[in-house]
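Examining the three-dimensional arrangement
Listed below, chain by chain, are the residues.
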Amino acid sequence: MLIKRLTLLLFVVVVQACATKGRPVTASNYDTELLAPHMADDLVLMEKKIFEHPALGTMLRYLDQSNPTDNITIYIYPIDKISWENRNQTLNSELRRSLAEIDQAVVDGHYKARNKETISDFKFVNNERSFSGKKAQLNIINQQDQTYYSDIFLFVAKDKFIKFRTSFNGEQSHFWTGDEIVKSILPGIDVPPESSYMKELRQTHREKVQKQLYELLTQPSGKESN
């Protein structure tokens, strides 16, 4: 429990460090041609938004020319931890947070309801490259009582998360998932390396955690030994 308490999410640190307006010049550069494919099968990149806050990374929106009403959004953003060696734990934790964001959207009235999610591993091979992540599948009901088949796919690349959000109107299409969309786009994504900005924040936070741990381990227990 002690280690768990001390290993705090870095997100709070990032928010505090970026309280001033303006994107730090040492943050990751998402404005590159190699970040993601402009076209993949019937999918066309329609929008790229780089958020001012480094913790939010960038957002990509694709159009499926065969099914233009589908919603296909990708988020690429830094992992908010000082360590992510346990990839499975890291993915599960972030997936739970993504589902909590949907629940909050229901509370805020953006959606009417959602059903219970089904979580599974998601793996595939493309040109001898293996990809492994997590998938959450659920239905979302909007305020007009329309059902959307929704998927969240989550992967780790370098020091970043790659999150796919796909959504299909159940009244306009048969039941399907975003599996093939991910398989088409993900192999073409090349995220930037860890930025100087995040490296410095992680190191500062790592030193802080180590100091807190040392102080807790060396403080008097309050009990005298027999």
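This text follows the structure it describes.
A short tour of the structure in this document, coming up. Keep in mind that this is a model prediction, so the values were computed, not measured. (Residues numbered from 1 in each chain as written. Predicted model: local features only at pLDDT ≥ 70, side-chain atom pairs only at ≥ 80, totals over all residues. Heavy atoms only, no water.)

**Considering the packing of aromatic side chains**
The condition that has to hold: Classification of ring pairs uses Phe, Tyr and Trp, with its six-membered ring standing for Trp, and accepts pairs whose centres are within 6.5 Å; under 30 degrees between planes counts as stacked, over 60 as edge-to-face, and the remaining range as tilted. Whether a charge sits over a ring comes down to the Lys NZ or Arg CZ being within 6 Å of the ring centre and within 35 degrees of the ring normal.
Inspection of the entire model under this criterion finds six aromatic pairs. Positioned over the ring face of Tyr75 is Lys163, at 5.6 Å from the centre of the ring.

**Concerning helix H3 (residues 87-107)**
Let me state the cut-off plainly: Only DSSP runs of H or I covering at least 4 residues are called helices, and only runs of E covering at least 2 are called strands; the numbering of each starts at the N terminus. Here, expected helix span is obtained from the residue count minus one, scaled by 1.5 Å. Exposed residues in this analysis have more than 50% of their type's maximum accessible area, buried residues have under 20%, and partly exposed residues fall in between, with area computed by a 1.4 Å probe over protein chains only. Here the arc refers to the directions that run from the helix axis out to each C-beta atom. Every residue pair with non-hydrogen atoms within 4.5 Å of one another is taken to be in contact.
With 21 residues, H3 should reach 30 Å at 1.5 Å per residue; the first-to-last C-alpha distance of 30 Å fits that figure. Where H3 is concerned, the buried positions are Thr90, Leu91, Glu94, Leu95, Ser98, Leu99, Ile102 and Ala105. Buried residues in H3, looked at end-on, bunch into an arc of 165 degrees, giving them a common side. The exposed residues of H3 that point more than 90 degrees off its buried face are Gln89, Arg96 and Val107. On the buried face of H3, the contacting elements are strand E4 (71-78), strand E5 (113-114), strand E6 (118-126), strand E7 (129-141), strand E8 (147-157) and strand E9 (160-169).

**Here's the deal with unusual backbone geometry**
At Asp145, a residue that is not glycine, the phi angle is positive and equals roughly 65 degrees. Inspection of the secondary structure puts Asp145 in the loop between E7 and E8. The backbone of Lys158 shows a phi angle near 55 degrees, a positive value even though the residue is not glycine. Along the polypeptide, Lys158 turns up in the loop between E8 and E9. Among the residues examined, Lys158 registers a relative accessible area of 45% and is labelled partly exposed.

**Considering the pattern of salt bridges**
Going by this rule: Between Lys or Arg on one side and Asp or Glu on the other, a salt bridge is scored when a side-chain nitrogen of the former is within 4 Å of a carboxyl oxygen of the latter.
Taken as a whole and assessed by the stated rule, the structure comprises 15 salt bridges. The residue Arg202 makes a salt bridge to Asp159 at a minimum N-O spacing of 2.8 Å. Taken together, the residues Arg202 in helix H5 (residues 196-218) and Asp159 in the loop between E8 and E9 connect sequence positions 43 residues apart. Comparing Arg202 with Asp159, the two get one shared label, buried. For Glu180, the salt bridge identified is with Lys183, shortest N-O distance 3.7 Å. Placement of the pair is Glu180 and Lys183 together in helix H4 (residues 179-185), with a separation of three residues, close to one helical turn. One network of salt bridges, with partners in common, ties together Asp103, Arg114, Lys116 and Glu117.

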